[in-house]
Amino acid sequence: MLPNLNHEEILRYSRHLLIPEVGLEGQRKLKASSALVIGTGGLGSPVSLYLAAAGIGRVGLVDHDVVDQSNLQRQVIHGTSTIGKLKVESAREKLSDLNPDIQVDVYNEPYTSANAMRIAQEYDILIDCTDNFPTRYLTNDVCVFLGKPNIYGSIFRFDGQVSVFYAKEGPCYRCLFPEPPPPGLVPSCAEGGVLGILPGTIGTLQATEALKMLLGIGEPLIGKLLLYNALDMSFDFVKLKKNPNCRVCGPNADIRDLIDYEEFCGVPGRDQEEGSAGAGWDVTAAELAERVQRDHPKLLDVREPHELEISALPNALNIPLGQLAGRLSELDSAEEMVIFCKAGTRSARALELLVGAGFRKVKNLKGGINAWARDVDGSLPVY
Amino acid sequence: MPTIRIPSPMQYYTEKQAEFKVPGKTVLDAVRSAAEKFPALKFHLFDGNDKLRRHINLFLNDVNVRDLGGPDVPVTDGDVVRILPSITGG
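Since this is a predicted model, take the numbers as computed values, not measurements. (Residues numbered from 1 in each chain as written. Chains lettered and ligands numbered in written order. Predicted model: local features only at pLDDT ≥ 70, side-chain atom pairs only at ≥ 80, totals over all residues.)

**Description of the domain arrangement of chain A**
Residue and element names in this part refer to chain A. Worth spelling out the cut-off: All domain edges in this entry derive from an automatic or database-based domain assignment. Contact between two residues is assigned whenever their backbone-derived C-beta positions fall within 7 Å. Any residue outside Ala, Val, Leu, Ile, Met, Phe, Trp, Tyr, Cys, Pro, Asp, Glu, Lys and Arg is labelled polar, Gly included; the first ten of those are nonpolar and the last four are charged.
Split into domains, chain A comes out as domain 1 (33–265) and domain 2 (282–375). Across the boundary between the two partners, domain 1 contributes 4 residues, which contact 6 residues of domain 2. Here the residues of the side of domain 1 that touches domain 2 sort into 2 nonpolar, 1 polar and 1 charged.

**Focus on the sheet that holds strand E13 (residues 362–365) of chain A**
All names here are of chain A. Rules: Here, any two strands with at least 2 DSSP bridges between them count as paired. Here a strand is any run of E in DSSP of at least two residues, a helix any run of H or I of at least four, and the numbering for each starts at the N terminus. Interaxial angle, 0 to 180 degrees, is taken between N-to-C directions of lines fitted to C-alpha atoms, where a helix line uses only the stretch in contact.
Taking strand neighbours across the sheet as the criterion, the 5 strands line up as E9-E13-E12-E10-E11 in an open arrangement whose pairing is parallel. One side of each edge strand has no neighbouring strand; the edge strands of this open sheet are strand E9 (282–283) and strand E11 (317–318). With 2 bridges connecting them, E9 and E13 associate as parallel partners. Opposite Asp-282, over in E13, you have Asn-364 as the bridge partner. Each of strand E12 (337–340) and E13 touches helix H14 (residues 345–356); the most contacted strand, E13, lies at about 170° to it.

**Overview of unusual backbone geometry**
All names here are of chain A. Even without a glycine there, the phi angle at Met-233 is positive, about 50°. Residue position: Met-233 is located in the loop between strand E7 (224–229) and strand E8 (234–239). The phi torsion at His-296 lies on the positive side, around 45°, for a residue other than glycine. When you line up the elements, His-296 lands in the loop between helix H12 (285–294) and strand E10 (298–301).

**Overview of the interface of chain A and chain B**
Counting residues at the interface gives 39 residues for chain A, matched by 23 residues for chain B. Those elements giving two or more residues to the side of chain A that touches chain B turn out to be helix H7 (133–146), strand E5 (150–156), strand E6 (159–165), E8 and helix H13 (321–324) of chain A. When its residues are assigned to classes, the side of chain A that touches chain B shows 19 nonpolar, 13 polar and 7 charged.

**Notes on helix H3 (residues 23–32) of chain A**
Note the following rule: Whether a residue is buried, exposed or partly exposed follows from its count of other C-beta atoms within 10 Å of its own C-beta, namely 20 or more, 12 or fewer, or something in between, respectively; the C-beta atoms are built from the backbone.
Within H3(A), the full set of buried residues consists of A:Gly26, A:Gln27, A:Lys29, A:Leu30 and A:Lys31. Turning to H3(A), the residues buried within the fold contact helix H2 (14–17), helix H4 (44–54) and helix H10 (198–215) of chain A.

Structural data, given as structure tokens:
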């Protein structure tokens, strides 16, 4: 039995009610439906705003981060007044103001194998607004096991991808991407950058697909992947099919429970600090400043060349992380070397690569050149 | 010659070219030709054993080569080979 709409709701949603494909029946369906938005950042902002505006009865928000100034270039659900606030609380405030009639649940916790099924089972549809591979694979597997649609979106610089992964009717995420890339090879927005408006476009497309699925109208992107490029304003589509060898949704699936996704994706565990290469492999900015004065270690900068225009350390050799494996011959394993990047993440990956290649006298600058700017040389910007 | 379409994350390594023609009788040949033309691409496309990296999908026009029997599917003039890596920004 679908819930009725009161007079205020009829006025609020009148522009939906006027569309034959939605109408009163469709709006009542939306009021009865629920969506879990995993991530309240660039994608999660437009997704949750538009679902709230559309009158989805219950919206769940998952994020364990706080609002940061660098978020505001694209995470439009937050604001300057909410810097430092929990993202889920910041988002809840905005959604509740936009539409006080909906229920907004917040989950200020990491979304992991320990809690994902418990949280997700309450909702009709999951929307992947995450920014990392472990959570994407987790979200996919949860959706396959619970038989729920996964509205997928991802972005990088000027490119976006959108699809509906719904194993009951088509491929899942793992059908397309059975394995993640090696850690550090595909940068996050923090490391590679993103055009601020891009998640607005992709997130709105995800919200569109969510509404189509919940209303049962149109042709959802099941079995199709939309590829968007902002620079040439191209919308290309490629066909996707179920992978008969898919380990999660295939006929011979051997993954039947949630796994350790960080281990699967080769990323450090949660107890390892972001920007750190682990105990014994880090130097702090202050320690490096002393060493630079004392014994001049070799400095290896693994950022992209255009980042050096923002800030740079003198006499550092620049080899972008993506090129490092092919340029090891330019480095001397007998030399003491400190590796750095923007915030310590890519340099930690570079350190792993070098240690794997037999380098032993290597250290990671914990927190990267941003830590140097904060703790040693305030004339350099933090970015 | 088929056309190869490069995703924008990798255009940094192809002098910002989004697509160009390459020699090749198969999809995989065409991708290898692209890596020969722009050596910096190779690390992003192929692993240490010279195998295509597992997070990379190849499409012949709009169909995944996996659905056509694999990357050794033949290509002709007018075909477009699309390289599709996974991305994860959000």
